[in-house]
Each structure stands twice: as C-alpha cells, then as structure tokens.
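A look at the structure
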Amino acid sequence: MSLDLETVKRISFLARLKVDDAQLENVRDDLNNILGFIDQLNEVDTEGVEPMVGVGAQEMPMREDRVTDGGYVEKILANAPEKAANMFVVPKVVE
Amino acid sequence: MSEALAKSISQSELTKLSLAQARDGLKSGSFSSVELTQAYIQAMDQTRELNGYILETPEIALEQAAASDQRLKEGKAGKMEGLPIGMKDLFCTEGICTTAGSNILGNFVPQYESTVSQNLANAGTVLLGKTNMDEFAMGSANITSAYGNVENPWIATDGKPLTPGGSSGGSTAVVAAGAAIAATGTDTGGSIRQPAAFAGVVGMKPTYGRCSRWGIVSFASSLDQAGPITRTVRDAAIMLECMAGHDPKDSTSAQKEVPNFEAALTGDIRGLKVGIPKEYRMDGMDPEIEKLWQQGADWLKSAGAEIVDVSLPHTKYSLPTYYVLAPAEASSNLARYDGVRYGLRVPGKNLDEMYANTRQQGFGEEVRRRIMIGTYVLSAGYYDAYYLKAQRVRNLIAQDFSKAFQDVDVLLTPTAPSAAFPLNEKPSDPVTMYLNDIFTVPASLAGLPGISVPTGLNAKGLPLGLQLIGPAFDENVVFRTAGVLEAAAQFQPLLAR
C-alpha cells in the first residue's frame, strides 16, 4: 500500500499533527517504507482466526457504582497551561 | 581498570554490592542506607557524562535513606529497605517532574504516584532520580529522548561511544555503571530486555498483567509492562516481587498472588525441558551470537536440562504485527497530549491549530512517525486490512507459544541480533532500527515473561545476552533457569573488571 501526499495530509489532520509542505514528501517516503514492511502480514492465512485484542482475561472486572474518588480540583488544575474559575482555558472553537 | 573497557563508572566499593548483598549488609548493620545512598550520589556525579538521569533527586534520596535507617533500626524493614534505585522517567512520581523523555511533558509534575513506584517506596526503596529513555518509550537505542542520548558505560576496543539500547537505556546504563543499585524499566517490544543485553545487566519483563500499569505513561496498552533492571538474577527476583501485584485501578492487572520469586532460585533444573525455537535462527545471524546461544544450551544441558527443538512458525511476522498494533495503540494513547490540561501548549488561532502546533512541536520525529502509522492503520477503510489483520496474526503468534509450551517448560533464545552499536552509526532508516527487537517482540505480543541474562562478550569486548521465555505467570521457571544460566556463564560485570 503506497501513500500519496493527499493521504499524508489527511492522516496528519486526523492525528492533529502539522506537517510542513516542505516535509510532506519525506514523511510520505518514511511512512511508505514502514507500510511496505508491514505488508508482509498479507502472507499469513488468518481465515477463521479471531482477532486477539489483548492478553489475559477478556472479562472487564466490575465494581460497585459508587463515587469513590474526586474532590481535588487543585490537583487536576495543577499542571494547566491556563486556568480560570476552576476550569481549563483554551482558545475559542471557531465554528 | 582498563580505559578501553569502561567509559565512565562508579569508583566506590559500596556500589559494587549487588542488591541482595546490600540488603543483607543493611540488615546486619554493616553500613547505613545514608552511607550507601551517599556512595550512589557520588557515583551519579562520577558518571554524569553518560546522561543516564534526566533528573537527579539526591536530597529526596538522603531524606528517604534516613527514614529507611530508622525503620531498619526499629526492625520494621521492608523487602528493599534503604536500597537506592533509578526510576525510568515513564513512571509518574508525585511532586517530581515526569517527562517520558519528551518535550511535550517537559514541565509536567504528577499529582499522584504510579502504583509500581508506590509499591517500591512501600518496600523501602530510596529514589536516586528519574532515568533517561527514548521518547514515550519508542526506540531501541535511547537516541530519541528530548533530553539527549544516553551513552553505554561499556565501550568497544575501538573507543567509539555506544548506545545502551532502548527504550530503558538510562536505566540499564546507570545500573551497569554503578550509579544505581537497580532501576525500573518498561518493556513494550523489548525495551527492558534489549538494553539489558547491550549494557551487560539483567532485565526482566514479567507476564502482561503481573505489574500494574496505573500511573505509567501509556505507550501501547496491550503490550506495556514494568519490570526490574538489576545486576543479578536474584536481584531481579527480589525487585519484581516488590513491584508486582494486582491493582484494582488497572483493570488489566492480573488477580494473581505474587510468589516469593527469590525462592524460585533453587539452582536445580534437572529434567527441565528447554526449547530452542528454530525460527529464531535467522539468515545472516551474527556467528558470535549463534555460538553463545549454543553455549547457553550446552550449559543448561550440563546442569541436567533436556534441550528440545521447537517451532514457532509465525515468528517472522512478529515485527510487522507489532509495528501495526503498537503504533495504533500509541496513536490513541498519545491523543491526550493536546496542550489543554497539562504539558506543553503552543498557541494557535483556534483550538485545532493549538492542538496541531503543540503536538508537532512537542513530539519528536519517531513519535510523530508512529502516531501517523497508527492513525493510518486505524482509519476508516484500512482498519480491517491492517489492525484487525494484525490482531489475528497476534493470535497465531500466541498460539505458537502455547503449543510449544505443551512440549517444553522454557525457551532459550538470543536477546538481541547484535551487541551495542556506536551512537553515530545508528541505522538511518527506521525499519532497520526496528529489527533490533526481532527476538524480544514475540514474547511481548504473547504477553509472556522474558528475561535477558548477560552471558558473554563479543570479540570487541561488548556484552551479549541470552533470553529465557516462560509460560504466562510462570516467572518462577524463568528465574530458576536464569539463575542456572547466570551461574554457568560467570559473566563479569563492568564494575568488577
């Protein structure tokens, strides 16, 4: 699978990364190199094989639906780049 | 001490003691934790050019050492009381800056302690500092850290500075150089085992779920595991017992009792079946490594084990599988670094621009590369062809191991395809770098415990390691076999040369 520059731009947007136009070709070549390596997986016959999501017990451990945490706003905001009135401040979202 | 062998190591006698020896010395009152910690602080000073630490915490260490001495006096010593360790900078340490080797977290001060570092603190350890690492644990040479490369304290006879391996390169470098008695690492595709081999120390990745991941900066959630990096197998057993245990805050942590791993070191492997997976013998394999692997099998056979050829047919697909799954999981885990709640924020005209500016600037090249791959393989139209496909192959890889473990008790393989390579000769293309993980990735995908034991030197005087892989939750057999391998190899650590 070979990527074109448009696809690289689209992936960058999905990943919220900003690739300079000057860098686009390098990034494309880089990614194509890795994807070429990954293509080997098509050699494997996986007919009837379940996808393995993770290792170990597949059942989600449950707990009682009670509030057992929280109430420490200062800690949550401690690393905030910008905060006001117990909230994180961000640039406005342009619709 | 030949200058050709060691770049930079501790000069202190006290730091030559293994973790087990120091534990016993502290208990018997031969020296205090404060004395031991001071020796290590001096060692950090003497080895600073290795850049093994991102952040040194000597004042905290001395405070903790004094508290440990008090507990030792009162007979309330924990299992690792007073022992000075390094902590990979991927573990959130409350009130102490934690960077994950990245600029995007350069100013991040966790408001909570990771479960594993808390477990170690509860056992009485002393924190010397946060060790350097590849950014977000992505790398095999510790050359992607935003805080500079780490140098291996071992150097070849030609004198070139070498990589300590990665991503836990800082941890293995400081342990090998005597600037910590032990250190924590994390292993996603080999990040404890491979740098342990490169630095001539022991590195153990336990079964997935053995240690809690809570408070460890996430890279790939179905693969990440914390583990010990130490000078000896016994030390690793002691440390893993302190690190491990079920944690209700990590729903992937196993509800399994933690055995006394040190007790597994019986030295007896008579009748043990050791599997040699034939697919790990690669074309163009380094003949010195092949010879060491055979030597390892011979040592185990002399100790009474039965050597059995086994097959893990899907081995060659482990790396491409890993390089779909790990970046995919990483792209999801690293989505949280957006400049909103913590870490770096680079301003933008609007929110989307702020995200893009922050992430482009805050993440290094390798991290951005992997996020892009991960985003692509998860994107609409490609999810089935890549991500689901890789998960099916992962299943086959895990089944290979299960089948093999019906016939053998433990597997013996090399840890890395080469010894430590020069820092300025790193492969220029990422895929060549990824091949460093070829022997370690399969056990990660299958979630199985694996240890690297230093067992020999190559012709350039550099350490080589052998890996033992066990069935899920049978760290005991891995430790037992590793202990025998270590005893047979009689590998001389850097500090003893």
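Below is a short write-up of the structure. (Residues numbered from 1 in each chain as written. Chains lettered and ligands numbered in written order. Predicted model: local features only at pLDDT ≥ 70, side-chain atom pairs only at ≥ 80, totals over all residues. Heavy atoms only, no water.)

1. Details of the nonpolar core
The tendency in soluble globular proteins is for nonpolar side chains to be buried as a group. Residues and elements named next belong to chain B. Counting 173 residues, the largest nonpolar core has Met-80, Phe-136, Phe-401, Leu-412 and Phe-479 as its most contacted members. Counting residues per element, this core draws most heavily on helix α12 (residues 383-407), which supplies 10 residues. Residues contacting Phe-136, with those up to four places away along its chain left out, are Ala-100, Ser-102, Ile-104, Leu-105, Val-217, Phe-219, Leu-334, Tyr-337, Phe-363 and Val-367. (Core = buried A, V, L, I, M, F, W, Y, C linked by side-chain atoms within 4.5 Å. Buried < 20%, exposed > 50% of the residue type's maximum accessible area, 1.4 Å probe, protein only. Helix = DSSP H or I, 4+ residues; strand = E, 2+ residues; numbered from the N terminus. Contact = heavy atoms within 4.5 Å.)

2. Observations concerning the environment of Glu-64 of chain A
Residue and element names in this part refer to chain A. Within the secondary structure, Glu-64 sits in the loop between α2 (24-38) and α3 (73-77). Assessed through its relative accessible area of 56%, Glu-64 is described here as exposed. Distance in space between the C-alpha atoms of Glu-64 and Val-53 is 26 Å, their sequence separation being 11 residues.

3. Some remarks on the layout of surface pockets
All names here are of chain B. Of the pockets and cavities examined, the largest pocket occupies roughly 690 Å³. Lining the largest pocket we find 23 residues, and of these Cys-92, Phe-108, Gln-111, Tyr-112 and Tyr-342 sit closest to its centre. Broken down by class, the residue content of the lining of the largest pocket amounts to 12 nonpolar, 4 polar and 7 charged. (1 Å grid on protein atoms, 1.4 Å probe; cavity = no way out; pocket = protein on both sides within 12 Å on 5 of 7 lines; lining within 4 Å. Points joined across faces, edges and corners; volume = space filled by probe spheres on them. Nonpolar A, V, L, I, M, F, W, Y, C, P; charged D, E, K, R; others polar.)

4. What to know about the pairing of strand β3 (residues 126-131) of chain B
All names here are of chain B. Burial of β3 is extensive: 6 of the 6 residues sit out of reach of the surface. Sheet topology note: the strand β1 (residues 53-56)/β3 ladder contains 3 bridges and is antiparallel. Residue pairing across strands places Leu-55 opposite Lys-130, the latter belonging to β3. The pairing of strand β2 (residues 84-88) with β3 spans 5 bridges and is classified as parallel. What sits directly across from Gly-86, in β3, is Gly-129. Handedness of the crossover is the feature at issue here: the chain leaves β2, passes through helix α4 (residues 115-122), returns alongside β3, and the resulting connection is right-handed. (Pairing = 2+ DSSP bridges. Right-handed = clockwise from strand over helix to strand, strands pointing away.)

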